[in-house]
Amino acid sequence: MAAQVIVVGNEKGGAGKSTLAIHIVVGMLHAGHRVAILDLDLRQRSMAHFFSNRAAWTAANGHVLPMPVEPDIGDGKALAKAGNDEQLARFETAYAEVHDCDVIVIDTPGGDTALSSAAHARADLIVTPMNDSFVDFDLLGQVDPVTLDLLKPSIYSESVWEARKQRAIKEGRHAAIDWLVVTNRLAVAEARNRRRLEEKMLKLAKRVGFRVGPGLRDRVIYRELFPFGLTVADLSADIRPVAVSLAHVAARQEMRNLMQAMGVEDADAGAALGQAALDAAA
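Residues numbered from 1 in each chain as written. Predicted model: local features only at pLDDT ≥ 70, side-chain atom pairs only at ≥ 80, totals over all residues. Heavy atoms only, no water.

### Overview of the packing of helix α4 (residues 84-97) against helix α5 (residues 114-122)
Their axes nearest at 9 Å, the elements α4 and α5 cross at an angle of 35°. Our pair here, α4 against α5, has a crossing hand that is right-handed. Counted together, Asn 84, Gln 87, Leu 88, Phe 91, Glu 92 and Tyr 95 of α4 and Ala 114, Leu 115, Ala 118, Ala 119 and Arg 122 of α5 form the full contact between these two elements. Among the residues making up the contact of α4 with α5, the classes are represented as seven nonpolar, two polar and two charged. (Axes fitted to C-alpha atoms, helices over the stretch in contact; angles between N-to-C directions. Helix = DSSP H or I, 4+ residues; strand = E, 2+ residues; numbered from the N terminus. Left-handed = near helix turned anticlockwise from the far one by under 90°. Contact = heavy atoms within 4.5 Å. Nonpolar A, V, L, I, M, F, W, Y, C, P; charged D, E, K, R; others polar.)

In structure tokens form, the structure reads like this:
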């Protein structure tokens, strides 16, 4: 059975792609899947650094946590300076090495690059994070500046449409690409701007064919666990580099909701500590 390919993509930087990709990978690992990662954000490589931190922290502290498979693509900064042909060749080689995994999660760079286009064309599921802002929405759809009426799909929607077209040409109409757009880094307080944005997103979703799902709020806990290579799904009575609080309980539920929106119903299976235990610890 072919691996499911999940591409985390958005042509705008700062939307939280790497944070989302990291949590998707860990959620899949705790659900019992064999997961491979490809970090195509060659200069920053946040996802690769996260799992390097994870390996170092668990080894230093005598813990065992599930880890993904990561093929070697070489020096990311050097590859970033290489031509498209070399980058694509390296991508194809790395991709071929992990075809026997259950899931391949690909983190893509901001911007329209040859690597990003190649990854999107491989996707079974594209997950796009966006902030609750019309600045981010502008990549998906253009709105009238006076009425805020939806005018037409924008550049990233067109890129996904192109990926879907190329996939259909190569593999037939049955090889559809699912597309999930998640509202990421939300402020906790409700805002009129967000309600307007959600209305336009639902209209655009019907027009260009994506689903709208829950993302991850802008919580300190997501950032404070990064240096250890951990997420809230990893916390337990033994694995607790930071004090557990009710915020961790809420974050864990957010992660579960995200995974369920992706169709992973058993996202918490195998996790070291259940929700009730986190409640008690908080």
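### Considerations on the pairing of strand β4 (residues 125-130)
Most of β4 is tucked away, with six of its six residues classed as buried. The two faces of β4 match: Leu 125, Val 127 and Pro 129 on one face and Ile 126, Thr 128 and Met 130 on the other face are all buried. When β4 meets strand β7 (residues 178-183), the two strands line up parallel, connected through six bridges. Across the sheet, Leu 125 pairs through a bridge with Asp 178, a residue of β7. (Buried < 20%, exposed > 50% of the residue type's maximum accessible area, 1.4 Å probe, protein only. Pairing = 2+ DSSP bridges.)

### A closer look at the confidence of the model for the protein
Detailed reading of the predicted model is not advised wherever pLDDT is low. When pLDDT is averaged across the protein, the result is 85; 90% of the residues are at 70 or more. pLDDT under 50 marks residues 267-282. Its contacts with residues more than four places away, or in other chains, come to 38 contacts. (pLDDT = per-residue confidence, 0-100.)

### As for helix α2 (residues 46-61)
Here α2 contains 16 residues, and its C-alpha end-to-end distance of 22 Å stays within 8% of the 22 Å for a straight helix at 1.5 Å per residue. All buried positions along α2 are accounted for by Ser 46, Met 47, Ala 48, Phe 50, Phe 51, Arg 54, Trp 57 and Thr 58. Each element contacted by the buried residues of α2 is listed here: α1 (17-30), β2 (35-39) and β3 (103-107). Gly 62 lies just past α2 and shows a positive phi near 70°. (Expected span 1.5 Å × (residues − 1).)

### Regarding the nonpolar core
One finds Ile 6, Ile 24, Met 28, Val 105 and Met 262 to be the most contacted residues of the largest nonpolar core, which totals 41 residues. Per-element accounting of this core gives the leading share, eight residues, to α1. For Met 28, the contacting residues outside a window of four places in its chain are Gln 4, Ile 6, His 33, Val 35, Val 103, Met 259, Met 262 and Val 264. (Core = buried A, V, L, I, M, F, W, Y, C linked by side-chain atoms within 4.5 Å.)

### A few points about the side chain of Ser 154
With respect to the secondary-structure elements, Ser 154 resides in the loop between β6 (150-153) and α7 (155-171). Overall, Ser 154 belongs to the buried group, its relative accessible area being 5%. A distance of 2.7 Å separates a polar atom in the side chain of Ser 154 from the backbone oxygen of Asp 138. Setting aside residues up to four positions removed in sequence, Ser 154 forms contacts with Asp 138, Leu 139, Leu 140, Gly 141 and Gln 142. (Polar contact = N/O pair within 3.5 Å; in protein donor to acceptor, adjacent residues only side chain to side chain.)

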